[in-house]
Amino acid sequence: WGGLAYAIEVALLGVILGGVFALVLLTAKGTLLDFFRRMYRFLLTVIVKELEPEAPRIDHKHTMPYGLPIAAAAVWSALAHPLQPWLQQWGLSLWR
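Bear in mind the structure is a predicted one, so any value in this text is a computation, not a measurement. (Residues numbered from 1 in each chain as written. Predicted model: local features only at pLDDT ≥ 70, side-chain atom pairs only at ≥ 80, totals over all residues. Heavy atoms only, no water.)

Asker: Any chance you could explain the overall build of the chain here in plain terms?
Answerer: Along the chain, the regular secondary structure elements total four helices and zero strands. The N-to-C order of helical and strand elements in the chain reads α-α-α-α. Computed over C-alpha atoms, the radius of gyration of the chain comes to 17 Å, more than 25% over the 12 Å expected from 2.2 N^0.38 for 96 residues, which places it beyond the range of a compact globule. Principal-axis analysis of the C-alpha atoms gives the chain an extent of 50 × 30 × 20 Å. Put simply, the chain has 96 residues, and 17% of those count as buried. Partitioning the intrachain contacts of the chain with sequence separation of at least 6 by distance along the chain shows that 66% fall at a separation of at least 24. When the accessible surface of the chain is split by element, carbon and sulfur atoms take 70% of a total near 7,500 Å². (Helix = DSSP H or I, 4+ residues; strand = E, 2+ residues; numbered from the N terminus. Rg over C-alpha atoms; globule rule 2.2 N^0.38 Å. Buried < 20%, exposed > 50% of the residue type's maximum accessible area, 1.4 Å probe, protein only. Contact = heavy atoms within 4.5 Å. Areas by Shrake-Rupley, 256 points an atom, 1.4 Å probe, with all protein chains shown as cover.)

In structure tokens:
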């Protein structure tokens, strides 16, 4: 239980699960395409030097409970190391 490897795994897995959870929520609310349009415009203004950088508009109506993906990551990491095989194929290891 615990330790640095566990904390790193929970953090990485929490980010992955949080992203998936956010995409599911955006899809359920019907705003996924709008989100991708705003991200595309933002990235385009960052990459193309002639364009003035445009920060993405934040919609405060939509909130996400961050505790759910973090808790799911903690439980999943405690029961099984889901990232271990993926990291090992890249030559990385959090575990001995």
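Asker: Whenever I open this one, the layout of surface pockets confuses me. Can you help?
Answerer: Rolled over the atoms, a probe sized like a water molecule indicates the empty space that remains. There is about 480 Å³ of room inside the largest pocket. Taken together, the elements giving at least two residues each to the lining of the largest pocket come down to helix H1 (4-29) and helix H2 (32-47). In terms of residue class, the lining of the largest pocket is made up of nine nonpolar, four polar and five charged. (1 Å grid on protein atoms, 1.4 Å probe; cavity = no way out; pocket = protein on both sides within 12 Å on 5 of 7 lines; lining within 4 Å. Points joined across faces, edges and corners; volume = space filled by probe spheres on them. Nonpolar A, V, L, I, M, F, W, Y, C, P; charged D, E, K, R; others polar.)

Asker: Is there a simple way to explain the confidence of the model for the chain in this structure?
Answerer: A low pLDDT score tells you not to read the predicted coordinates there in detail. Taken over all residues, the pLDDT of the chain has a mean of 87, while the share at 70 or more is 97%. Taking the mean pLDDT of every element in the chain, the minimum, 82, falls on helix H4 (residues 84-89) and the maximum, 93, on helix H3 (residues 67-79). (pLDDT = per-residue confidence, 0-100.)

Asker: Before we go on, may I ask you to explain the side chain of Thr31 in this structure?
Answerer: Position of Thr31 relative to the elements: it lies in the loop between H1 and H2. Overall, the relative accessible area of 17% leaves Thr31 in the buried class.

Asker: Can you help me understand the pattern of salt bridges in this one?
Answerer: Pairs can form between side chains of opposite charge once their charged atoms are near each other. Summed over the entire model, instances satisfying the criterion amount to one salt bridge. With a closest N to O distance of 3.2 Å, Arg38 and Asp34 form a salt bridge. Linking Arg38 with Asp34, this pair stays in helix H2, spanning four residues, or about one helical turn. On the accessibility criterion, Arg38 (17% relative accessible area) is buried. A relative accessible area of 29% means that Asp34 is categorised as partly exposed. (Salt bridge = Lys/Arg side-chain N within 4 Å of Asp/Glu carboxyl O.)

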